[in-house]
Amino acid sequence: MPGSEWGTSTERRFNVNLSILFTELPLLERPAAAAAAGFTAVELWWPWVDSPTPERSELDALKKAIEDAGVQLTGLNFYAGQLPGPDRGALSIPGAESERFRANIDVAADFARSLGCKALNALYGNRVEGVEAAEQDALALENLVLAARAADRIGAILLIETLNQPESPLYPLVSAPAGVAVVDRVNEATGLGNARFLMDLYHLSMNGEDLPSVIERYAAKTGHVQIADNPGRGAPGTGTLPLEDLLGRLRKAGYEGWVGLEYKPGDRPSAAAFDWLPAEARAAR
């Protein structure tokens, strides 16, 4: 991006989401591809969409791929159903999906611990026709309490994410206040204080929220930030979001955590989708 000053900050820590970037490659080749592009940290949605409890050999193979690439896993989603796909999480959906989420909690936490990953993201799940919202919310709180305790057991935080109404019309957490309210309820229920808000600037912008105001109000409760430009969910500079300015505001508000690159590469190889960020700024410092 001509004239960009992204590389002038030595304080930002970027990681690459390997569930939306480098997806043209098999899962086990993506960590090395991120490393080859100059990054030292990665994050993942739950990679096995059909299995909350994959075979140990599959877990071990992914662990080895991450270790062999020399990258740090900094974020991992719990099982969230078909994602990418129609689902937006499992923990608030009564019946089999809730049970799958519960079966996954310790599997995901133990995998994260094995790689020193300190952030686990729990997607809330869509509203279900014929089920009262209050019933889903009560189930969600039960499962989030279990997830928060598992995260605490490995010294990690639990992330609660806001999505956007246009792309996720059945997902109930489509504003920053809604997401933060769940964070507060979980912390109140557990007394652990390890639940945090996942501030995805793309989703919040799609909801039409006042991003500087959101940052000012909620930076202190934010445990992770993700970015993509809007419109299009592409790389910074492909849309109109002032992402450089927004990340600067986050820094001034005290946020010192990771910034996840969770954007679509467009009609080019993922390795070509980082030209906005100078090579020397990609490795975490």
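Residues numbered from 1 in each chain as written. Predicted model: local features only at pLDDT ≥ 70, side-chain atom pairs only at ≥ 80, totals over all residues. Heavy atoms only, no water.

Colleague: Sorry if this is basic, but what is going on with the sheet that holds strand β4 (residues 119-121) here?
Modeller: Through backbone hydrogen bonds, the strands of a sheet pair up, either in parallel or in antiparallel fashion. Ordered in space as β1-β2-β3-β4-β5-β6-β7-β8, the eight strands form a closed barrel in which the pairing is parallel. Neighbour-to-neighbour, the strand axes of the sheet open up by a mean angle of 30°, direction not taken into account. As judged from the two bridges shared by strand β1 (residues 13-17) and strand β2 (residues 41-44), these two strands associate in the parallel manner. By the bridge assignment for β2, N17 is matched with E43. (Pairing = 2+ DSSP bridges. Helix = DSSP H or I, 4+ residues; strand = E, 2+ residues; numbered from the N terminus. Axes fitted to C-alpha atoms, helices over the stretch in contact; angles between N-to-C directions.)

Colleague: Quick question: what am I supposed to make of the environment of L261 here?
Modeller: Relative to the helices and strands, L261 is located in strand β8 (residues 258-261). Spatially, the C-alpha atoms of L261 and G234 are 9.8 Å apart, while their sequence positions differ by 27 residues. In this structure, L261 is in contact with F14, N15, V16, N17, I20, L21, F39, I227, F274 and W276, ignoring residues within four places of it in sequence. (Contact = heavy atoms within 4.5 Å.)

Colleague: What should I look at first to understand the nonpolar core in this one?
Modeller: One broad rule of soluble globular proteins: the nonpolar side chains tend to lie buried together. Judged by nonpolar contacts, the single largest core of 88 residues is most densely connected at L158, M199, L261 and F274. Those residues in contact with F274 that lie beyond four places of it in its chain are V16, L21, F22, A37, F39, L261, Y263 and R282. (Core = buried A, V, L, I, M, F, W, Y, C linked by side-chain atoms within 4.5 Å. Buried < 20%, exposed > 50% of the residue type's maximum accessible area, 1.4 Å probe, protein only.)

Colleague: Quick question: what am I supposed to make of unusual backbone geometry here?
Modeller: Peptide bonds are mostly trans, and most non-glycine residues show a negative phi. For the bond from L83 to P84, the omega torsion is 5°, close enough to zero to count as cis. Relative to the helices and strands, P84 is located in the loop between β3 (72-77) and α3 (96-114). Between N230 and the following residue, P231, the backbone shows a cis peptide bond with an omega angle of 5°. Among the structural elements, P231 can be located in the loop between β7 (222-227) and α8 (243-252). Phi is positive for F22, close to 65°, though the residue is something other than glycine. With phi around 55°, R233 is a residue other than glycine that occupies positive phi space. What makes R233 buried here is its relative accessible area of 11%.

Colleague: How do you make sense of the packing of α3 against helix α4 (residues 133-153) when you look at a structure like this?
Modeller: To describe two helices that pack against each other, one gives the angle between their axes and the distance between the axes. Look at α3 against α4: their axes get within 9 Å of each other, and the N-to-C directions meet at 15°. Judged on the interaxial angle alone, α4 and α3 are roughly parallel. As α3 runs across α4, the sense of the crossing is right-handed. Along its contact with α3, which presents S98, F101, R102, I105, D106, A109, D110 and R113, the element α4 presents L139, E142, N143, L146, A147, A150 and R153. (Parallel < 35°, antiparallel > 145°, perpendicular 65-115°, else oblique. Left-handed = near helix turned anticlockwise from the far one by under 90°.)

Colleague: Help me understand the pattern of salt bridges in this model?
Modeller: Pairing between side chains of opposite charge can happen when their charged atoms approach one another. One pass over the full model with this rule turns up 13 salt bridges. With its nearest N and O atoms 3.8 Å apart, the salt bridge here joins D275 to R268. Exposure remark for D275: the relative accessible area of 52% places this residue in the exposed category. When salt bridges that share partners are traced, they join D106, D110, R113 and R153 into one network. (Salt bridge = Lys/Arg side-chain N within 4 Å of Asp/Glu carboxyl O.)

Colleague: Looking at this structure, how should I read the pairing of strand β6 (residues 195-200)?
Modeller: Two faces, one strand: in a regular strand the side chains alternate between the faces of the sheet. Burial runs high along β6: five of the six residues are buried. Summarising the sheet, strand β5 (residues 157-161) and β6 pair through four bridges and their orientation is parallel. For I160, the partnering residue across the bridge sits in β6 and is F197. Between the parallel pair β5 and β6, the chain is carried across by helix α5 (residues 176-190), and the sense of this crossover is right-handed. Pairing geometry for β6 and β7, over four bridges, is parallel. Among the inter-strand pairings, L198 is bridged to a residue of β7, identified as H224. (Right-handed = clockwise from strand over helix to strand, strands pointing away.)

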